[in-house]
Number of protein chains: 2
Amino acid sequence: MSKSTNVGVTAAKGFRAAGVTAGIKASGTPDLALVVNDGPSLAAAGVFTANRVKAAPVLWSEQVLKGGQVSAVVLNSGGANACTGPLGFQDTHATAEKAAAELGLNAGEVAVASTGLIGVRLPMDLLLPGVALAAGALGEDGGEAAAIAIKTTDTVHKTAEYTSPAGWTVGGMAKGAGMLAPSLATMLVVLTTDADLDSAALDDALRGATRTTFDRIDSDGCMSTNDTVLLLASAASGTVPDRAEFAEAVRTVSADLARQLIGDAEGASKEIRIDVTGAATEDDAVEVARTISRNNLLKCAIHGEDPNWGRVLAAIGTTSAAFDPDGLDVAINGVWVCKSGGVGEDRDLVDMKGREVVITANLNAGTAGATLWTNDLTADYVHENSAYST
Amino acid sequence: MSKSTNVGVTAAKGFRAAGVTAGIKASGTPDLALVVNDGPSLAAAGVFTANRVKAAPVLWSEQVLKGGQVSAVVLNSGGANACTGPLGFQDTHATAEKAAAELGLNAGEVAVASTGLIGVRLPMDLLLPGVALAAGALGEDGGEAAAIAIKTTDTVHKTAEYTSPAGWTVGGMAKGAGMLAPSLATMLVVLTTDADLDSAALDDALRGATRTTFDRIDSDGCMSTNDTVLLLASAASGTVPDRAEFAEAVRTVSADLARQLIGDAEGASKEIRIDVTGAATEDDAVEVARTISRNNLLKCAIHGEDPNWGRVLAAIGTTSAAFDPDGLDVAINGVWVCKSGGVGEDRDLVDMKGREVVITANLNAGTAGATLWTNDLTADYVHENSAYST
């Protein structure tokens, strides 16, 4: 991946962004981001949470994306605007109208995304002036400021870029540290490109990318009400990209951001890659990987650097995937501690001191596979999430 | 529930039990229990883990129960004998043979149950002499010693009894503190009765009871490889019970033991009752209750005495149950903090200081309901389970 001179959502030509402090967060840190597509194209695609309890900005932005065009995205941290009823939806609508008025746009093409505590109305008396402030601060180098303003419990901001030899770029930013599970992981992501594609092509590329990136991280099994991933194309490069290369570029940037999300998950001390191999189908592999990733006992064991493979087998045994219990092999960091469903190599050979841990489960039932990322379960996670709203 | 003079598995007439120290546990605490049915009837029923990775004693005891008769049960803590292959199965077989030889029984009617670490062979050089020791220690007052010997991370032993005015008794013991999820919860349970019923009637009563008791506790979402619930009937009271009263008695004793399991779950500081009401079907209610019970973020919030109802709604939203997101009501300890999917009564009115917390979710989609018990997620749980095998 080649780095461009600018980062995140403004790495691609045709985009301006800003991140400002509207005062929504009590901490006084930046909490409002604005991303504007200056065109010439406004083509866009979006993927949203599968949670049936959807935040107001998700309901709004789903409607916006049906038109296939997005001219701007307003994102705020400090409040999810979820479970806030019709008044919460009016708040989102007013946010889009405010951005449209400031920028001379059509409100029906302004997407909105929010993140923070569920069940609390946003302070509109602070948010709307913040939108005006952000409009005044827009710049072609605003990608980093925007990425900073969408952080909640994230300890670092997250951006990624890919530039094609053919002259177009895909860039993006992401936030997400807790309630990280598909589909999608709990997060806000905005991807931008200056390639020239219509919304249907963008949608293809985005769904293909999220399926094997954001949908394959699962920090804590908890699905958000606010997950939003947007892909905006300005066509400012004047280049129609090769479709396969573009799809791979979106996948690469998405995988980079997804990996950064897992690397910064709340309270985590380990980043765990789960490779399921020898599955009869990819669906089987994903089911097994996800079930392993959600096993609290295993996540505790890995926190304690304990190669407790019995908990891997106990997790696999709860799935409906095709396998023979006596045919399961499990490796931890390359040591096959379980062979044929029983004791394998010496567990004392496993070195788990590093931050990254790899669990490989071979179902010996076929040739399909999947990789999913998760984290360990720590006292810090408990602490952070038992004190969040108080 | 009336208490009989003896407790647990020896509360009913016709049973003897013992609990001894075989030396399987490094701690030197009791680790082997024996329960013997002296008849005249040997009728029995059993329910086992739904995990497809089943421990050797589960595979053995499932075969024993197919005959509908159990004369004795050998239970050990200190090792699960799971994922131990054909040699592990031979160990279970040898255990049953040893008990049969000591007591003059048919090994094919001796059930075996084990609990402890997965993936480690049992120390048969210690276990088999322990069986002989237990056989010599059997007594009609051995119910408490047996309940003590099956503890692992349990902090207290668990027994329960019910005596009918008609002259028969149901008693039982249970262990289980971690890997507590259906179906069944991770646990060993032996119920005994001196009522006179055949194995089919016992099976009916046992399955009816477990469905709404042991299957409705879910401490940590992790299903064991060793879950075993046995019901043995001696007919020593000479009484054929009323079937409905007997079923209710088995349910009462099972509910009592299940409640004790949740009360002693690893690291827990709260016992959480989840009442789902207004569901279209009982299956919907159970799905919603189980999904709420497995939400780590909510479990952390309750640990922090934070009435974070947004996390309840986010959990409900991931289910396939019938409901309208704008029709959900949620109460915490009787305060309806969420009404019609949005903000309800003042969350500051919720008092969560007590050990027991009640979450009520009304789906407003019908008249069915279900209750499920779980625990909070604590740093102590993480600590206990990150250091378990090391």
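Residues numbered from 1 in each chain as written. Chains lettered and ligands numbered in written order. Predicted model: local features only at pLDDT ≥ 70, side-chain atom pairs only at ≥ 80, totals over all residues. Heavy atoms only, no water.

- Per an unreviewed UniProt entry, chain A goes by the name Arginine biosynthesis bifunctional protein ArgJ and belongs to Kitasatospora xanthocidica.
- Heading Function (unreviewed entry) of the UniProt record for chain A holds this comment: "Catalyzes two activities which are involved in the cyclic version of arginine biosynthesis: the synthesis of N-acetylglutamate from glutamate and acetyl-CoA as the acetyl donor, and of ornithine by transacetylation between N(2)-acetylornithine and glutamate."
- Database annotation for chain A, UniProt heading Subunit (unreviewed entry): "Heterotetramer of two alpha and two beta chains." (UniProt positions renumbered as here; feature names shortened; annotations may be inferred.)

Description of the sheet that holds strand 13 (residues 342–343) of chain A
Residues and elements named next belong to chain A.
Part 1 of the reasoning: With respect to topology, six strands assemble into an open sheet ordered 13-12-11-14-10-15, the strand pairing being mixed. Strands with a single pairing partner mark the edges of an open sheet, and in this sheet they are strand 13 and strand 15 (368–375).
Part 2 of the reasoning: Pairing of strand 11 (residues 329–332) with strand 12 (residues 335–339), which is carried by two bridges, proceeds in the antiparallel orientation. By the bridge assignment, Ile-332 is partnered in strand 12 with Val-335.
Part 3 of the reasoning: Its contacts with the sheet place helix 6 (residues 243–263) against strand 10 (271–279), strand 14 (356–362) and strand 15, and it is angled at close to 45° to strand 15.
Part 4 of the reasoning: Sitting on the sheet, helix 9 (residues 309–316) is in contact with strand 11, strand 12, strand 13 and strand 14, with an inclination near 135° to strand 11. (Pairing = 2+ DSSP bridges. Helix = DSSP H or I, 4+ residues; strand = E, 2+ residues; numbered from the N terminus. Contact = heavy atoms within 4.5 Å. Axes fitted to C-alpha atoms, helices over the stretch in contact; angles between N-to-C directions.)

Digging into the UniProt feature "binding site: substrate" (unreviewed entry) in chain A
All names here are of chain A.
Part 1 of the reasoning: Per the UniProt record, "binding site: substrate" (unreviewed entry) is found at Thr-152, Lys-175, Thr-186, Glu-266, Asn-385 and Thr-390.
Part 2 of the reasoning: Relative to the elements of secondary structure, Lys-175 occurs in strand 7 (residues 169–175).
Part 3 of the reasoning: Mapped onto the secondary structure, Glu-266 falls in the loop between helix 6 and strand 10.

Things to note about the pattern of salt bridges
Residues and elements named next belong to chain B.
Part 1 of the reasoning: Under the counting rule described, the total for this entry stands at 24 salt bridges over all chains.
Part 2 of the reasoning: In this structure, Asp-204 engages Arg-243 in a salt bridge whose closest nitrogen and oxygen atoms are separated by 3.4 Å. Of this pair, Asp-204 sits in helix 5 (residues 199–212) while Arg-243 is found in helix 6 (residues 243–263), placing the two residues 39 residues apart along the sequence.
Part 3 of the reasoning: A residue is classified by how much of its surface remains accessible, and Arg-243, at 45% relative accessible area, is partly exposed. (Salt bridge = Lys/Arg side-chain N within 4 Å of Asp/Glu carboxyl O. Buried < 20%, exposed > 50% of the residue type's maximum accessible area, 1.4 Å probe, protein only.)

Details of helix 7 (residues 282–293) of chain B
Part 1 of the reasoning: Here helix 7 of chain B contains twelve residues, and its C-alpha end-to-end distance of 16 Å stays within 8% of the 16 Å for a straight helix at 1.5 Å per residue.
Part 2 of the reasoning: Elements that come into contact with the buried residues of helix 7 of chain B comprise strand 10 (271–279), helix 8 (296–303), helix 9 (309–316), strand 14 (356–362) and strand 15 (368–375) of chain B. (Expected span 1.5 Å × (residues − 1).)

Section: the sheet that holds strand 15 of chain B
Residues and elements named next belong to chain B.
Part 1 of the reasoning: Spatially, 13-12-11-14-10-15 is the arrangement adopted by the six strands of the open sheet, whose pairing is mixed. The sheet terminates laterally at strand 13 (342–343) and strand 15, the two strands that pair on one side only.
Part 2 of the reasoning: Judged from the seven bridges that link them, strand 10 and strand 15 form a sheet pairing that is antiparallel. Its bridge partner lying in strand 15, Ala-279 is registered against Ala-368.
Part 3 of the reasoning: Contacting strand 10, strand 14 and strand 15, helix 8 crosses the sheet at an angle of about 135° to strand 14.
Part 4 of the reasoning: Strand contacts of helix 9: strand 11 (329–332), strand 12 (335–339), strand 13 and strand 14, with the helix running at about 135° to strand 11, the strand carrying the most contacts.

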